[in-house]
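Inside the fold
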Amino acid sequence: MSHLKRTTALAVLFALSAVPVCAQDTTSPSSQTTDHDMSGHDMSGHDMSDMDMSDMDMSHMDHMNMDAPQSGWQIMTHATLNFVADNQEGPRGGSKNFAEGMVMVMASRKLDDRNTLDLNLMLSPDAFMGKGGYPLLLQTGETADGEHHLTDAQHPHDFFMGATAKLTHRFDGDTRAFVLVGWPGEFGFGPTAFMHRASGENFPTAPISHHWLDSGHISMGVVTGGLAKGPLQLEVTQFTGREPDQYRFNLDTPKLDSTSVRLTWSLNEALTAQASWAHQISPEQLHPDEDLQRRSISIDYNHAFRAGTLYSTLAYGRKEIEHSEEKASDAFLFENTFKFNEKWMALGRYERVYNDELVDTGAYWVAKTEVGAIRTFRLAHNMTLGLGLVRQFNTVPDALKSVYGDHPNGTVAFLQWKLNPMSGQMKM
């Protein structure tokens, strides 16, 4: 794709994110912000036009039911775009300037007193950064060109990140059931994907535990059935096990050959836990004969204190190749965002991963620590611009220092443009 075509397409993506909802009745959100976390909470029965959406946490949005008036559709738009200057140090490092993020449009319609239909479309500018993605020390997963495995780099996400339809039926009391179909979509495994969970959505780069915990957020074909009662929700998903190929603008052929199960428990407004399992058929294009058993547990903690609001995730994931004598591979994540006020937030993330894809000589424990801050400027009642800086400290064993150097660290500076969730009504 030529530079002119890429620039034009990216401009179209910006325009899509900034265009107001086309509606006969459009309700803008309040100019005030809220720190109340909506993670894991059912929104059925609430008119979005009455809610303060200007700074709402987007975690677990796929599991929400946003009931709209019977007279029409309820529409919500949301976008985050990061313009990043990335410098990774050491022999295996590199530098790159790029844009990444997502644009999301959600529509909800109450079909009758018991049934609600939710539609979700999500796009990403990542596909324009090139097949090689961006440099990120200690990161592995997927392929850049269909021939070589990405190492010390984060792959770009597909242009089509999500296109789902969800039908929810509400029984008497607090019991509900739903069916979700996506192409692409997210299969029910692990914590909310990092670009949507409150603790991780403001980091400019992906976690190195991504392929242990939440890489299934772009699966080329998912069908999920779920049952929820009170604070408990159980999901079973049939999905395409193969990860997206190196072509970032197409939709891969669905093949519902894999299964996942996830149990989510919202203990209270601040604390949500999940445990999940997946049997994934042939996820890696370059290793088609390898199937995976995957397990994950995680806890999200989001709470407002006098000094500010803490968004925190503690997660563990395991990958194990079936019928193999190789040791299972584990990953741990502790991720935090502390929002002092509308202007300042602090970022902190620690990860420890047992990875056998960094070098050919075996598997090693490696770790990454990230600390940073963002200064946010409000451009409009639902639009902000943030100036951020993150410093990354990578820890490798002595056996890898000849490859990575003694201090293989990184610095990431970025501008973060956000169109905060904005709702409106469209009568049809």
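Residues numbered from 1 in each chain as written. Predicted model: local features only at pLDDT ≥ 70, side-chain atom pairs only at ≥ 80, totals over all residues. Heavy atoms only, no water.

1. A look at the overall build of the chain
The test is simple: A run of DSSP states H or I qualifies as a helix once it reaches four residues; a run of E qualifies as a strand once it reaches two. Both are numbered from the N-terminal end. Here the term buried applies to any residue with accessible area under 20% of the maximum for its type, exposed to any over 50%, and partly exposed to those in between, with areas from a 1.4 Å probe on protein chains only. Contacts are assigned to residue pairs that have any heavy atoms within 4.5 Å of one another. For every accessible area listed, the method is Shrake-Rupley and the probe measures 1.4 Å; residues are considered covered only by the protein chains on display.
In terms of helices and strands, the chain carries 3 helices and 18 strands. Split into buried and exposed, the 428 residues of the chain put 56% on the buried side. Long-range pairs, those at least 24 residues apart, make up 63% of the contacts in the chain between residues at least 6 apart in sequence. For the chain, the exposed surface amounts to about 17600 Å²; the carbon and sulfur share of it is 60%.

2. Thoughts on unusual backbone geometry
The omega angle of the peptide bond from Trp183 to Pro184 is 0 degrees, so this bond is cis rather than trans. Along the chain, Pro184 turns up in the loop between strand S7 (175-182) and helix H2 (210-213). At Leu138, a residue that is not glycine, the phi angle is positive and equals roughly 75 degrees. With respect to the helices and strands, Leu138 occurs in strand S4 (residues 134-143). A positive phi angle, near 60 degrees, is found at Asp152, a position not held by glycine. Within the element layout of this structure, Asp152 appears in strand S5 (residues 149-154).

3. What about the nonpolar core?
We apply this condition: Each nonpolar core is a collection of buried residues, namely Ala, Val, Leu, Ile, Met, Phe, Trp, Tyr and Cys, held together in the definition by side-chain atoms within 4.5 Å.
Among the nonpolar cores identified, the biggest contains 24 residues, and Tyr134, Met161 and Leu347 are the most heavily contacted of them. Contributing elements (two or more residues each) for this core: strand S1 (72-88), strand S2 (94-110), S4, strand S15 (344-359) and strand S18 (410-427). With residues up to four places along the chain from it excluded, the contact list for Met161 reads Gly101, Met102, Met122, Leu123, Ser124, Pro184, Met195, His217 and Ile218. One finds Ala315, Val353, Val366 and Tyr404 within the second-largest nonpolar core, a separate group that totals 16 residues.

4. Topic: the pattern of salt bridges
What counts is decided by this rule: The salt bridge criterion pairs a side-chain nitrogen of Lys or Arg with a carboxyl oxygen of Asp or Glu, the two atoms within 4 Å.
Using the criterion set out here, one finds 17 salt bridges in the structure. Linking Glu89 and Arg391 is a salt bridge whose minimum nitrogen-to-oxygen distance equals 2.9 Å. Placement of Glu89 in the loop between S1 and S2 and of Arg391 in strand S17 (residues 383-395) is noted, with a sequence separation of 302 residues between them. The class of Glu89 is partly exposed, set by a relative accessible area of 26%. With a relative accessible area of 26%, Arg391 lands in the partly exposed category. With a closest N to O distance of 2.7 Å, Asp172 and Arg114 form a salt bridge.

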